[in-house]
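Single-letter residue listing:
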Amino acid sequence: FLPAQKFHFQNYNVQQGLIQSQVSAITQDPFDNLWFCTLGGISRFDGRVFTNYSETDGLISNFSDAILAGQDSTIWIGTSFGISRFDGSRFKNFRLTETAAGNMVRALQEDGQHRIWALAEGKLYQVDTSEKPRRSVVAGPEEWVTAIQPDNQGNLWAAVMNKGIFRLENENWKLKVSLPGSDDKAFCQKIVFNRSGSDRLYILMSNSLLSAGPDGVRTLVPRDSLGKFTNLYQDRSGRLWLTGTRGLFQYSDSGLTAFNQGNGYEGNTTSAIFQDREGNIWFGTNGTGIFRYSDQPFIIYDQFSAARNMGVMPMLENQNRIYMGTTGSGLFMYDGKNMVHVKGLSDDPAGQYISGLFRGKENEIFILTGSGLFARYQHGKMTKIPLGELKGCIKSVLPDDQGGFWVSSCQGFFYISSSGKTTHILDIFSDRIFQASKDSILVATGNELYQIGTDFKYRIINNSLLHAANCMSLTSLGPYYLMATSNKGLILYNHMTGKFRQLTTKDGLNADFIYSVVTDHKSQVWLGTGRGVNKIILDTATGVLQISSLSIPGDISSAECNQGAAIYDDKNNLWIGTVSGLFKYFPDSGKKQTYFPPVVLQEVEVFSKEISPDRYKGFLNNWFGIPRDLVLPHNENHLTFSFRCPSYLHGESLKYQYQLEGMETSYSALTPNHFVVYPALPPGHYTFRARAYMDGVGYSTDNVHFSFDIRAAFYQTLYFKFGVLVFVMGLILWIQWMRMRMRGKRIRHIEEVKREENIKVRQTASEDFHDEVGNSLTRIQVLTEVLNTKLGSGHEEEKRLIGQIKENVSGLYQGTRDILWALNPESDAIKEIGHRLESLGIDVFQDTGICFCFENLLGEGENEKLPGNYNRNIMMIFKEAMSNCLKHAQAKRVKLKIHKTGPSEIMIELADDGAGFNMLYIKKGHGFQNMQKRANRINSLFRVNSSPGEGTRYELRIPFSPI
């Protein structure tokens, strides 16, 4: 067996969504989507989904043979019936000539001036979107152009059969390379300019590969040595890829490498080659779809592939050799050059199943087989070793420095000395064994860990995580014991602190089924899982860890690993055995991912439906239908955003973060989901952002940034809210006003009832007072008259006293009349008050020589009434005023006038033409004070105006509410 390197190619075909399996051309657009030309139309691929276009979508022909992604993001497709230009929403078609053969486009290129060139039936055309394609003659009217290509500066070059290679300079073609020995059978198929920027170009003839430069033209692959060539491509590493009738080849300074079924490439007649921006190389084939090849930091050993049924299980490094136990083909040894089958173990098929490999103190190899056979391999010799009384169901063996063996089995855990003495230590099923220190070992059972000393004493390490944990592999790192399990992920036990920790898929592991665990010289942990390989960087001091995945979906690195099939050798290589074969990984290969594809917003949906293009102003781009200046009504607030980073190498392991500015203040947690739903968004201005994260690279820089607005409903606007506020405040004020009005009405009703009761009381009091007091005073007056008569003559003193009694009774009767008048409800009328004042004036100024007059200007208002206590106070005020006029004014005329000054105010004036007085110097006595007090009682304004020689005027303004 020789070490055979096998390359991994990922195949995509119609089963994955490709429109047709015969691929003739490949390109990549500015959004990093790949485009494929086939005989059934064209396909766009974003790393996950194929989007297909054909004649039913507007393509001029399904037989497409050339494709170009223009600088303006448009896609140009060359077909057998002309050219189609696709801007993401519709196709625009061009025909070059009127003949059918003249429209068979074989090549499309764009020069440095962004002009599009097409090659069809040996003729070169310049294609303009607004004009008919124009032919460009390179070497003559009868020329046959076989290839076109722009150089690194954007200048267009063209190969003309039997003429050479020309370059377009200032709209003129100049011959640059003459091809020696050109004939009709050998013509230029492809021109490739060296990516390093040198003046060298590679020329693919139909049967040879040439190189042209300052030193002339030389042959790299001789004529007819590899049959007929069809295509040439140079990748960014400078390697040349050739296709032809004999298959796919890679050319480098070290020679040619053929890619075929023997080393993993199963493509049938490769016709197209293209390298994307991530460095993946894509091969289009004639019938088997497309294949992706990525530089892999590992070597696959083909003889251990699944097809050969030689799965690698335990592995061991010893003296710079790698020993590999297989699942049915015995033991193999790899010395760095050759893979050798180690013979002499057993002829029994069960003895060819290697279940364990262990190293002894003298660098011998101990081998445990599925049949229970235990053997020593040293110096090329195989020796069978008995394990004391134990037979069958042996799980693991650990040699010690004294020549004995620790043995775990279904019957328990044992120690077998060098003399063959068997010591039964544990009477429990035991599985994996690990040398924890010089004088102690770890033994895993189904529910605990046992730490056993060389003196056979042990302690139990127990925890709920260990319960029913099926241990597959054990190792240590610093203070941690690492247990790989088949059902609980990776369990970490810190024997210094006694704390346990569990890592599962929730923490970033590829799978919870861990087959193997090893550590390297950098204290990194490598896990062989059910879905490829994980790397863990563990800080043993702080416990902080970082988990990443080595696996690339679709290749061997993501295959299910085998139990114990992992070692880290002395040359810093990681060996992993999987169900798909064995590979050696170079962790320190130094090749790092540097390019990060852009994150593209692919779709915006409202209520999970696409937005109609006729509803909005336009689109940011036609490729994904993202509306420009999106403004939504308030009831269209359920939005779904779909986005994707088109990584073809790490598409399945990418994680995303998103944020909706205007509602969220930070990015979300990392998630593999590339869509998010925002339901019931409130009105406002929002900006949706999304970015991707790639392990080992970091966050993407070309990210999603999409702004939109949700209009508020009329009831959500500030004006509406202000109007509602005003309405509510008005309603509150109206309710308050109604309450006050009802309260006032209730008070007025109460006052009305009280007034009516007061009237009744006053009426009753007036009548009772008149009947009782009036009659009594009348009898007294009559009795005084009788007494005075009976005294006869004389008795002057008695008669004088009787006269005084009569006068007092008369005065008291007069006062009683005033009280009775005030008590009478009829006296509340303004008219009655006026009449009473008039009568009072007549009585006061009668027989005094003062002329008194009264003027009533109330009109219809004289029937209105004042509150009950007003009349008495008004009478007393003007009684006092009339008394002052009589006593002090020396007046000749006194006038009393009553009139209304407003709807609810009357004024009573008393004026004389007497001597008057100075208001500043006159001392106001009790009369003035009493008049003012009485005015205040009835809420009226009382004023006295007087000047020496100008008389005196008394004014009383009485506000009232009509009753």
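Look up: the structure comes first, before these words.
Residues numbered from 1 in each chain as written. Predicted model: local features only at pLDDT ≥ 70, side-chain atom pairs only at ≥ 80, totals over all residues. Heavy atoms only, no water.

J.: A description of the sheet that holds strand S36 (residues 365–369) should follow, citing residues and the corresponding values.
T.: Ordered in space as S35-S36-S37-S38, the four strands form an open sheet in which the pairing is antiparallel. Either end of the sheet is taken by a strand with one partner, and the two such strands are strand S35 (354–359) and strand S38 (381–384). Geometrically, the sheet is characterised by an average inter-axis angle of 25 degrees between neighbouring strands, direction not taken into account. Relative to S38, strand S37 (residues 374–378) is paired through four bridges, and the arrangement is antiparallel. (Pairing = 2+ DSSP bridges. Helix = DSSP H or I, 4+ residues; strand = E, 2+ residues; numbered from the N terminus. Axes fitted to C-alpha atoms, helices over the stretch in contact; angles between N-to-C directions.)

J.: A description of the state of the cysteines should follow, citing residues and the corresponding values.
T.: All chains considered together, the criterion is met by one disulfide. We note that cysteine 561 lacks a disulfide partner, and the nearest cysteine sulfur, in cysteine 471, lies 16 Å from it. Among the cysteines around cysteine 853, which has no disulfide bond, cysteine 851 carries the closest sulfur, lying 6.0 Å off. Judged by its relative accessible area of 26%, cysteine 853 is partly exposed. (Disulfide = S-S within 2.5 Å. Buried < 20%, exposed > 50% of the residue type's maximum accessible area, 1.4 Å probe, protein only.)

J.: Describe in detail helix H3 (residues 830–845), supporting the description with residues and values.
T.: The terminal C-alpha atoms of H3 lie 23 Å apart, and with 16 residues this matches the ideal 22 Å at 1.5 Å per residue to within 8%. Taken as a whole, H3 has its buried residues at Ile830, Ile833, Gly834, Arg836, Leu837, Leu840, Gly841 and Phe845. In an axial view of H3, the angular spread of the buried residues amounts to 165 degrees, which keeps them on one side of the axis. Aspartate 847 lies just past H3 and shows a positive phi near 60 degrees. (Expected span 1.5 Å × (residues − 1). Arc of directions from axis to C-beta.)

J.: Please give an account of the nonpolar core that cites residues and values.
T.: Counting residues in hydrophobic clusters, the biggest one holds 45 residues, and the most contacted among them are Ile77, Leu601, Val604, Phe641, Phe643, Phe688 and Phe708. Among the elements that make up this core, the one with the highest residue count is strand S64 (residues 684–694) (five residues). The residues touching isoleucine 77, leaving out its near neighbours within four places in the chain, are Cys37, Ile42, Leu59, Ser64, Ala66, Ile67, Gly82, Ile83, Ser84, Phe86, Phe91 and Leu108. Judged by nonpolar contacts, the second largest core, of 36 residues, contains Ile830, Ile833, Phe878 and Tyr954. (Core = buried A, V, L, I, M, F, W, Y, C linked by side-chain atoms within 4.5 Å. Contact = heavy atoms within 4.5 Å.)

J.: Talk me through unusual backbone geometry; I want residue IDs and the actual numbers.
T.: Positioned with a positive phi, threonine 269 is a non-glycine residue whose angle comes to about 55 degrees. With respect to the helices and strands, threonine 269 occurs in the loop between strand S26 (255–259) and strand S27 (270–275). Since its relative accessible area comes to 44%, threonine 269 is described here as partly exposed.

J.: Can you tell me about the environment of aspartate 400, naming the residues and giving the values?
T.: On the secondary structure map, aspartate 400 appears in the loop between strand S39 (394–399) and strand S40 (405–409). Spatially, the C-alpha atom of aspartate 400 lies 9.5 Å from that of lysine 438, the residues being 38 residues apart in sequence. Excluding anything up to four places from it in sequence, aspartate 400 contacts Phe405, Trp406 and Tyr415. Within polar-contact distance, the side chain of aspartate 400 engages the backbone nitrogen of glutamine 402 at 3.2 Å. Polar side-chain contacts of aspartate 400 include one of 2.6 Å to the side chain of tyrosine 415. (Polar contact = N/O pair within 3.5 Å; in protein donor to acceptor, adjacent residues only side chain to side chain.)

J.: Any chance you could break down the side chain of asparagine 562 for me, citing the residues and the numbers?
T.: By secondary structure assignment, the location of asparagine 562 is in strand S55 (residues 561–568). Setting aside residues up to four positions removed in sequence, asparagine 562 forms contacts with Gly311, Val312, Met313, Tyr515, Gly577, Thr578 and Val579.

J.: Would you mind going over the pairing of strand S42 (residues 422–426) in detail, with residue names and values included?
T.: Summarising the sheet, strand S41 (residues 412–416) and S42 pair through four bridges and their orientation is antiparallel. Looking at S42, one finds that isoleucine 416 is bridged to threonine 422. Where S41 folds back onto S42 in an antiparallel hairpin, the turn is made up of five residues, including glycine 420, whose phi is positive at roughly 100 degrees.

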